[in-house]
Amino acid sequence: MIFRRIIYSALLVGLLAGLVLSVAQITTVNPIIFAAETYEVAGHDHGSHDHSAEAWAPEDGFERTLYTVFANVSAGIGFAAILLALMSHLQLSGITTLSLPKGILWGGAGFVAVFVAPAIGLPPEIPGIEAAALEKRQLWWVLAVVGVAIGLLIISFAPIKYKALGLVALIIPYIVNIPHHEGPAFAHPDPSAVEALTSLHSQFIVNSALSNLLFWLALGLVAAWVLNRWVFKGIVVNHNDARA
C-alpha cells in the first residue's frame, strides 16, 4: 500500500515541481539561451556541441516550450520518487521524523547534491561555449551527484563513528580529474561577441541556480506534506528512536 502511494505521490509532486521549474526557466533562463544562440548562429561552430544539419531539435516557440515542460516534469517525477522513497524509509525506520521545515531542508540538500555539487566543477553551459567531451562530463556529473548525495546522507543520519566516511564521499569527486576544456571558453571571432557571451554565461549560471533552487524546495516541501497527509495516513509510525 505504501509503495503504491509513493508512486502516486511522486507523480503529483514531480508534476508540481516540474511546472515550477518550467515557469522559472521560461521566464528567466530561456531568454538568456535565446540571446546566446543568436551569437552562435551568426558566428562559427567552434564548440564540442553538435549543430550539424542532421541534428534534430524542436522548433522554436510552442514545440520547444512543450519539450522543456515535458523534460522538467519527467525529471521532477524521477527525483520525487527517489526523495519520497528515502524520506519514507527513514521515517518508517524511526531514524527521523518529517515536517514541512524538514521537507525544505531535504529540498535544499537535493539542490546541493544535484545542482551545486556538479556546478562547482562544471558550471552550467550556454550555447556557443567550448566544453570537454560530453561523455566525460556526464560521467563526472554522476560521480559528483552520487558522491555528494551519499556524503550528505551519511553525515545527516549515520552514527557518529561513520560520519568521517561522509566527508570522504563529499571530497572524492573533486580530487579526480574534472574534464575541463583547455583554452578560452568562447571561440567566437568577434571580441564584442565574446564579451556579451561571457556576461550572458554569468547570468545563466545565477538564473539556473535560482530556478533549480525553487524546483528542489518545491520538491522537498510538497513531498513532506504528501507523506504526512496521505502516504502515512492510517499507518502508525514509531518515532521513539528518531535521531534527526
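Given the structure is predicted, the values throughout are model-derived calculations rather than measurements.

**So, the packing of helix H3 (residues 100-121) against helix H6 (residues 191-231)**
Orientation of H3 relative to H6, taken along the N-to-C sense of each, is 140 degrees, at an axis distance of 7 Å. When the axes of H3 and H6 are compared, the pair comes out oblique. Between H3 and H6 lies a crossing of right-handed hand. Across from Leu100, Gly103, Ile104, Gly107, Gly108, Gly110, Phe111, Val114 and Phe115 in H3, the residues of H6 making contact are Ile205, Ser208, Ala209, Asn212, Leu213, Trp216, Leu217, Gly220, Leu221, Ala224 and Trp225. Taken together, the residues of the contact of H3 with H6 break down into 13 nonpolar, seven polar and no charged.

**Considering the packing of aromatic side chains**
A complete count under the given rule lists six aromatic pairs for this structure. For the ring pair tryptophan 106 and phenylalanine 157, a centre distance of 5.7 Å and an interplane angle of 25 degrees mean the geometry is stacked. Within this pair, whereas tryptophan 106 is found in helix H3, its partner phenylalanine 157 is found in helix H4 (residues 134-157), the two being separated by 51 residues in sequence. There is no split in this pair, since tryptophan 106 and phenylalanine 157 are both buried. When the ring of phenylalanine 215 is compared with that of tryptophan 216, the centres are 5.6 Å apart and the planes differ by 80 degrees; the resulting orientation is edge-to-face. Assessed through its relative accessible area of 4%, tryptophan 216 is described here as buried. Taken together, the aromatic side chains of Phe79, Phe215 and Trp216 make up a single cluster linked through ring pairs. Of note, arginine 5 hangs over the ring of tryptophan 230, and the distance from its end group to the ring centre comes to 5.6 Å.

**Brief notes about a nonpolar patch on the surface**
A surface patch of nonpolar side chains, about 580 Å² in accessible area, is lined by Leu143, Leu167, Val168, Ile171, Ile172, Ile175 and Val176. In terms of residues, the nonpolar patch owes the most to one element, helix H5 (residues 163-175), which gives five residues. Along the polypeptide, valine 168 turns up in helix H5. Of the residues examined, valine 168 reaches a relative accessible area of 45% and is grouped as partly exposed.

Basis of the calculations
- Residues numbered from 1 in each chain as written.
- Predicted model: local features only at pLDDT ≥ 70, side-chain atom pairs only at ≥ 80, totals over all residues.
- Heavy atoms only, no water.
- Axes fitted to C-alpha atoms, helices over the stretch in contact; angles between N-to-C directions.
- Helix = DSSP H or I, 4+ residues; strand = E, 2+ residues; numbered from the N terminus.
- Parallel < 35°, antiparallel > 145°, perpendicular 65-115°, else oblique.
- Left-handed = near helix turned anticlockwise from the far one by under 90°.
- Contact = heavy atoms within 4.5 Å.
- Nonpolar A, V, L, I, M, F, W, Y, C, P; charged D, E, K, R; others polar.
- Phe/Tyr/Trp six-rings, centres within 6.5 Å; stacked < 30°, edge-to-face > 60°.
- Buried < 20%, exposed > 50% of the residue type's maximum accessible area, 1.4 Å probe, protein only.
- Lys NZ or Arg CZ within 6 Å of the ring centre and 35° of its normal.
- Patch = residues over 30% accessible without salt bridge, like charges linked within 9 Å, V, L, I, M, F, W, Y side chains within 5 Å.
- Areas by Shrake-Rupley, 256 points an atom, 1.4 Å probe, with all protein chains shown as cover.
- Salt bridge = Lys/Arg side-chain N within 4 Å of Asp/Glu carboxyl O.

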